[in-house]
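# Fold and contact review
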There are 2 protein chains.
Amino acid sequence: MDLAILDQVLAQLRGVLEHDDLKEAIAAIEALRPPDQAYLVAELNDEDQVAVLSQLDPADSADVLEEMEDEDAAAVAELLPPADLADILDEMEVDEAADVLGDLSPEAAEKALREMEVREEVLPLLQYEDDTAGGLMTPAVVTLRRDWIAARALRELRRREPDADSAYYMYVTDGEGLLQGVVGLRDVVVAQPETVVEALMDPAVVSVPVTADQEVCARTLSRYGFLALPVVDLDGRLAGVITADDLIEVVEDEATEDMYRMVGISGEARVFGPLGPSVLRRLPWLAVNMVTLFVAITVVDAFEKVIAGMVALATFLPLVSGEAGNAGSQTTTVIVRGLALGEVDMHNGLRALLRELAAALINGALVGAGTGLAIYLWKGEMVIALAAALAMVLNFLVAALAGVLVPLGLMAIKVDPALASAAFVTGVTDTLGFLFFLGIATLLMAPGAW
Amino acid sequence: MDLAILDQVLAQLRGVLEHDDLKEAIAAIEALRPPDQAYLVAELNDEDQVAVLSQLDPADSADVLEEMEDEDAAAVAELLPPADLADILDEMEVDEAADVLGDLSPEAAEKALREMEVREEVLPLLQYEDDTAGGLMTPAVVTLRRDWIAARALRELRRREPDADSAYYMYVTDGEGLLQGVVGLRDVVVAQPETVVEALMDPAVVSVPVTADQEVCARTLSRYGFLALPVVDLDGRLAGVITADDLIEVVEDEATEDMYRMVGISGEARVFGPLGPSVLRRLPWLAVNMVTLFVAITVVDAFEKVIAGMVALATFLPLVSGEAGNAGSQTTTVIVRGLALGEVDMHNGLRALLRELAAALINGALVGAGTGLAIYLWKGEMVIALAAALAMVLNFLVAALAGVLVPLGLMAIKVDPALASAAFVTGVTDTLGFLFFLGIATLLMAPGAW
């Protein structure tokens with residue numbers, strides 16, 4: 001449904017809830033599809049959320065919680081009566097229920113677990129982090145044996161009636177549960193009933209371990225063009241399956257997180273989240289940048305006498321640092337994204353560095369020449385024009401060096417390269433930009449320099 | 001396969017090809033999985049690519065072309081003999097074959113089409129843009145009628161034997177081809193053979209039109225948790241289906257494109273693409289930024305006499321513009337990403353603006369106060385400290401205003417908001433930062449100002 005229409009429905013819903021007409025509110029919500037329900041419920045205040053979720057059919061509430069952002073879902077789940085919460089969690093997909101439980105306070109999680117029917121299925125999932133294959137997988141998989149015939153495979157499918165989405169691939173395991181192959185449901189259906197599973201299956205099945213990072217899962221699935229990805233435990237036994245739709249969300253969230261981190265916004269900031277956290281999430285980077293800026297201007301301060309002798313230098317200070325800062329952002333973005341997509345790693349980092357240095361030399365020379373010419377035409381000051389042009393080329397090289405080495409260095413010490421790369425690189429290009437420009441200008445003006 | 005190992009294989013392969021031992025090269029490539037084959041072949045030079053692709057089994061070559069980036073695939077396809085190319089295209093997924101044909105020169109496309117067997121299936125797809133639902137869909141869909149029984153549905157599936165991935169949902173159409181419902185293959189298999197399709201199908205099927213943007217497709221599929229999405233033509237007739245795995249790539253590519261555009265890199269830049277284009281793709285933004293920087297420094301130039309009277313002002317010039325530039329990048333990123341994910345639109349833009357202004361006021365006041373205090377403690381110059389603090393608050397508000405309005409404005413005139421937002425916003429915060437700081441300082445120093 002269109003966002004504009006949904007917002008109108010939301011306004012009506014808030015009006016109804018203000019008059020405590022819960023029944024009418026429930027009826028209005030029940031008429032919508034789960035994603036639209038989730039959008040509306042997530043926008044309500046805590047009190048209304050609890051009222052609505054405990055009144056809705058548990059299956060509907062389950063859909064709503066599944067559609068909500070993880071932290072929103074956990075926040076409202078924490079406020080629900082444990083019995084109501086248990087009913088709702090029982091109706092959720094097992095991996096999503098585990099995510100909610102994992103985000104609850106230990107007491108709230110324990111209380112809800114005690115009342116849940118699918119406790120036994122959820123418990124093993126609680127040991128995995130949300131952003132790993134183990135945290136994303138659904139354990140409900142139909143497994144076959146290689147010596148079964150197609151008819152028996154279909155009987156097994158009917159008997160198990162697993163979750164619809166995870167049943168389009170069926171996995172073949174041995175007596176130990178070790179993953180041996182994969183067979184598409186369509187192939188089983190289309191095959192003659194007495195065909196042996198072994199003849200239908202692809203033995204070169206691609207799987208990920210429970211500990212695999214969610215980005216690796218997304219990349220693997222998209223690279224091989226699958227709709228589902230089997231997950232194996234550390235002994236190679238089939239533990240569950242991840243479906244492609246869940247990974248689309250992963251890819252979107254990871255990209256958003258990287259984009260935000262590049263400009264120093266931490267956490268899951270959203271446009272219309274609460275104001276307080278959204279302010280706080282931006283402050284640390286602004287503070288870090290304040291420090292790097294103060295470091296940079298100590299360089300300018302050191303040249304105060306030079307500037308006093310030629311005030312026009314002040315006018316051109318922002319040029320060299322600004323342009324190299326942009327070039328540095330370009331390099332940083334290419335490298336950070338390349339690391340995230342698995343195109344760059346420690347092993348080809350040197351190749352990336354040489355390429356970026358080459359690009360920096362060309363672009364720096366072009367931009368530096370243009371800048372120098374523009375300054376000379378405007379002010380007729382050869383010293384400033386030359387200093388700016390030379391400083392530009394040097395600072396472009398510095399930008400490329402920092403833009404490659406900072407993300408790789410952060411990666412090496414296991415810090416997310418997206419997190420602080422841009423701040424560091426700008427700090428370096430600001431500081432050295434001022435130093436190159438003012439230093440070269442000083443040398444050119446000094447009588448002994450020629 | 002690990003990138004490091006693949007690069008070793010690549011080195012060996014290049015060695016073998018240098019000695020013109022095509023047979024050994026083909027054997028080495030055939031031992032790999034298609035995505036790994038694609039990685040290797042994409043790294044070879046044109047001549048070797050053509051040699052390898054015409055020697056490989058057409059089905060293997062088809063897999064390789066499917067895995068390659070669109071522009072790389074088209075470049076090598078252009079060089080292949082038309083008959084070989086037609087054989088390969090016949091083996092590719094129809095939507096991917098259409099993508100390759102669409103990227104070829106008209107003559108090469110026509111020659112290849114003339115020799116193709118699946119010409120009739122590909123032709124209708126050529127009318128759609130690659131990045132729309134029509135360009136992404138596979139036309140091979142199994143359609144059912146609502147009055148059929150489950151057993152007949154399975155018979156139809158056996159008879160049609162469609163592409164495996166698109167067969168997990170079966171779509172119900174009427175005599176006109178109008179989409180009426182969807183039924184999962186699992187439900188048909190599990191149902192009693194005489195159950196009517198109508199009883200199994202979900203009539204509230206969510207579809208996208210052939211003209212839908214690929215980002216809308218990805219968002220719809222992930223929001224509703226589907227593995228495939230039916231595509232209808234402008235009359236509502238079922239035209240094809242998009243599977244989730246294709247959309248993961250879409251989401252990844254769109255995010256990369258947005259990240260690159262935010263820092264002014266156009267096109268599908270990759271870390272290890274050819275150097276020339278990669279330099280050229282960065283230059284336009286560097287040139288745009290050069291212009292905005294020159295505009296900004298004309299402000300500094302206008303205050304040359306003021307700076308000559310108090311040279312310490314020059315030292316603090318980069319502070320106000322730099323910090324507000326960072327705050328502006330944060331706002332711009334949140335808004336651009338919000339627009340891409342459909343969380344922000346024209347209709348809630350005002351709400352976003354008010355929120356960003358509120359955040360800017362708080363962060364600007366905090367950072368401004370800190371900056372002023374630091375300057376006073378360092379230099380003891382009350383005028384500079386006050387001017388910097390006040391200018392910081394004002395410039396944070398400007399950054400928020402520009403950070404919201406520039407992307408929304410670009411959206412309104414149908415320009416990708418990611419494209420030039422950051423450049424414009426930085427230009428504005430640089431220029432006004434200098435103006436606020438130097439202007440306020442001048443007022444504070446002027447004898448008549450008090």
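What you are looking at is a predicted structure, and each value in this text was computed from that prediction instead of being measured.

The subject of this paragraph is the interface of chain B and chain A. Counting from both sides, the interface comprises 124 residues of chain B and, opposite them, 123 residues of chain A. On inspection of chain B and its partner chain A, the count reaches 6 salt bridges. Of the charged contacts in the structure, one is a salt bridge between Lys379 of chain A and Glu304 of chain B, with a shortest N-O distance of 3.8 Å. The tally of links between chain B and chain A comes to 16 residue pairs in polar contact (both at pLDDT 80 or more). A per-element tally of the side of chain B that touches chain A places helix 20 (residues 312-340) of chain B first, with 19 residues.

Residues and elements named next belong to chain A. A surface patch of nonpolar side chains, amounting to about 600 Å² of accessible area, comprises Leu373, Tyr376, Leu377, Met382, Leu386 and Leu390. Where the nonpolar patch is concerned, the elements lending two or more residues are helix 21 (349-379) and helix 22 (382-412). The residue Leu386 is located in helix 22 in this model. For Leu386, a relative accessible area of 33% corresponds to the partly exposed category.

A few words now on the relation of the copies chain B and chain A. For the match of chain B to chain A, the screw axis carries a shift of 0.0 Å, the RMSD comes to 0.1 Å, and the turn is 180 degrees. As the rotation angle and translation indicate, the two copies are arranged about a two-fold axis. Interface overlap between copies: 99% of the residues of chain B at the interface are likewise at the interface in chain A, consistent with a symmetric, same-surface contact.

Each domain of chain A was delimited in the assignment, giving domain 1 (3-127), domain 2 (143-249) and domain 3 (282-449). Relative placement of domain 1 of chain A and domain 3 of chain A: their C-alpha centres are 50 Å apart.

A word on helix 9 (residues 106-115) of chain B. Residues lying three or four places apart along an α-helix face the same way, a consequence of the helix completing one turn every 3.6 residues. Residues and elements named next belong to chain B. Buried within helix 9 are the following residues: Ala108, Ala109, Ala112 and Leu113. The arc enclosing the buried residues of helix 9, seen along the axis, measures out at 130 degrees, which places them on a common side. Exposed and facing more than 90 degrees away from the buried side of helix 9 are Pro106, Glu107 and Arg114. Packing partners of the buried residues in helix 9 comprise helix 6 (70-79), helix 7 (82-91), helix 8 (94-103) and helix 10 (119-122).

Turning our attention to the sheet that holds strand 2 (residues 169-173) of chain A. Adjacent strands of a sheet form backbone hydrogen bonds with each other and so pair up, either parallel or antiparallel. All names here are of chain A. With mixed pairing, the 3 strands of this open sheet are ordered in space as 1-2-3. Every interior strand has two partners, whereas the edge strands, strand 1 (143-144) and strand 3 (179-184), have only one. For strand 1 and strand 2, the ladder comprises 2 bridges, and the chain directions are parallel. When the bridges of strand 2 are listed, Thr143 appears paired with Tyr171.

Residues Tyr171 and Leu185 of chain A together with Leu185 of chain B are the most contacted members of the largest nonpolar core, which totals 186 residues. If you look at the next biggest cluster of nonpolar residues, it comprises 84 residues, including Leu283 and Leu293 of chain A together with Leu317 and Phe437 of chain B.

With that settled, the discussion passes to the pattern of salt bridges. All chains considered together, the criterion is met by 22 salt bridges over all chains. Ionic pairing is found between Arg186 of chain A and Asp187 of chain A, a salt bridge with its closest N-O pair at 2.7 Å. Among the residues examined, Asp187 of chain A registers a relative accessible area of 25% and is labelled partly exposed. Note that Arg146 of chain B is salt-bridged to Glu198 of chain B, the shortest N-O span being 2.9 Å. Linking Arg146 of chain B in the loop between strand 1 (143-144) and helix 12 (150-160) with Glu198 of chain B in helix 14 (residues 197-200), this pair joins segments that are 52 residues apart in sequence. Owing to a relative accessible area of 41%, Glu198 of chain B belongs among the partly exposed residues under this scheme. One continuous salt-bridge network, built from bridges that share partners, spans Asp233, Asp235 and Arg237 of chain A.

All names here are of chain B. With 5 of its 5 residues buried, strand 2 (residues 169-173) lies for the most part within the structure. The alternating pattern of strand 2 places Tyr169, Tyr171 and Thr173 and Met170 and Val172 on opposite faces, both of which are buried. As defined by bridge partners, strand 2 adjoins strand 3 (residues 179-184) across 5 bridges and the pair is classed as antiparallel. By the bridge assignment for strand 3, Tyr169 is matched with Gly184.

Glancing now at helix 5 (residues 58-67) of chain A. All names here are of chain A. Buried within helix 5 we find Ser61, Ala62, Val64, Leu65 and Glu66. Along its buried surface, helix 5 packs onto helix 3 (34-43), helix 4 (46-55), helix 6 (70-79), helix 7 (82-91) and helix 8 (94-103). By the N-cap criterion, in which a side-chain oxygen at the helix start approaches the backbone nitrogen of a residue two or three places on, helix 5 is capped by Asp57, the distance to Ala59 being 3.0 Å.

As a further point, take the environment of Met346 of chain A. Residues and elements named next belong to chain A. As for its position among the elements, Met346 is in the loop between helix 20 (312-340) and helix 21. Considering only alpha carbons, one finds Met346 and Val299, 47 residues apart in sequence, at a separation of 33 Å. What Met346 contacts, discounting residues up to four positions off in sequence, is Leu408, Met411 and Ala412.

This part takes up the sheet that holds strand 4 (residues 208-209) of chain B. Residues and elements named next belong to chain B. One open sheet accounts for 3 strands, arranged 4-5-6; its pairing is mixed. Each edge of the sheet is formed by a strand with only one pairing partner; in this case those strands are strand 4 and strand 6 (238-243). Of the strand pairs in this sheet, strand 5 (residues 228-232) and strand 6 are connected by 5 bridges, and their pairing is antiparallel. What sits directly across from Val231, in strand 6, is Gly240. Taken strand by strand, helix 15 (residues 214-224) contacts strand 4, strand 5 and strand 6, and its axis lies near 130 degrees from that of strand 5.

Reading the values: rules and limits
Counting of residues starts from 1 at the beginning of each chain's written sequence and follows it residue by residue. Chain labels run from A onward and ligand labels from 1 onward, assigned in the order the entries are written. Only residues with pLDDT of at least 70 get local features here, since the model is predicted, and only at 80 or more are side-chain atom pairs given and counted; chain-wide, interface and lining totals rely on the full set of residues. Computation of side-chain values covers all heavy atoms of the structure but excludes hydrogens and water. A contact between two residues is defined here by any heavy atoms of the two lying within 4.5 Å. What makes a salt bridge here is a side-chain nitrogen of Lys or Arg within 4 Å of a carboxyl oxygen of Asp or Glu, nothing more. Any N or O atom pair separated by 3.5 Å or less is treated as a polar contact, with the protein-specific requirement of one donor-capable and one acceptor-capable atom, and with residues adjacent in sequence counted only for side-chain atom pairs. To qualify as a helix, a DSSP run of H or I must reach at least 4 residues; to qualify as a strand, a run of E must reach at least 2; elements of each kind are numbered from the N terminus. Patch rule: a residue counts if its relative accessible area is over 30% and it has no salt bridge; like charges are joined within 9 Å, and nonpolar side chains (Val, Leu, Ile, Met, Phe, Trp, Tyr) within 5 Å. Working definition of accessibility: Shrake-Rupley area with a 1.4 Å probe, residue cover restricted to the visible protein chains. Throughout this description, buried means an accessible area under 20% of the type-specific maximum (1.4 Å probe, protein chains only), exposed means over 50%, and partly exposed covers the range between. Only residues with pLDDT of at least 70 in both copies contribute their C-alpha atoms to the least-squares superposition of the copies. Where each domain begins and ends follows an automated or database-derived domain assignment. Throughout, the arc means the angular range of directions from the helix axis out to the C-beta atoms. A pair of strands is labelled paired if DSSP reports no fewer than 2 bridges between them. Definition of nonpolar core: a set of buried residues of the types Ala, Val, Leu, Ile, Met, Phe, Trp, Tyr and Cys, connected through side-chain atoms within 4.5 Å. Axes here refer to lines fitted to C-alpha atoms; in helices the fit is confined to the stretch in contact. Angles between the N-to-C directions go from 0 to 180 degrees.

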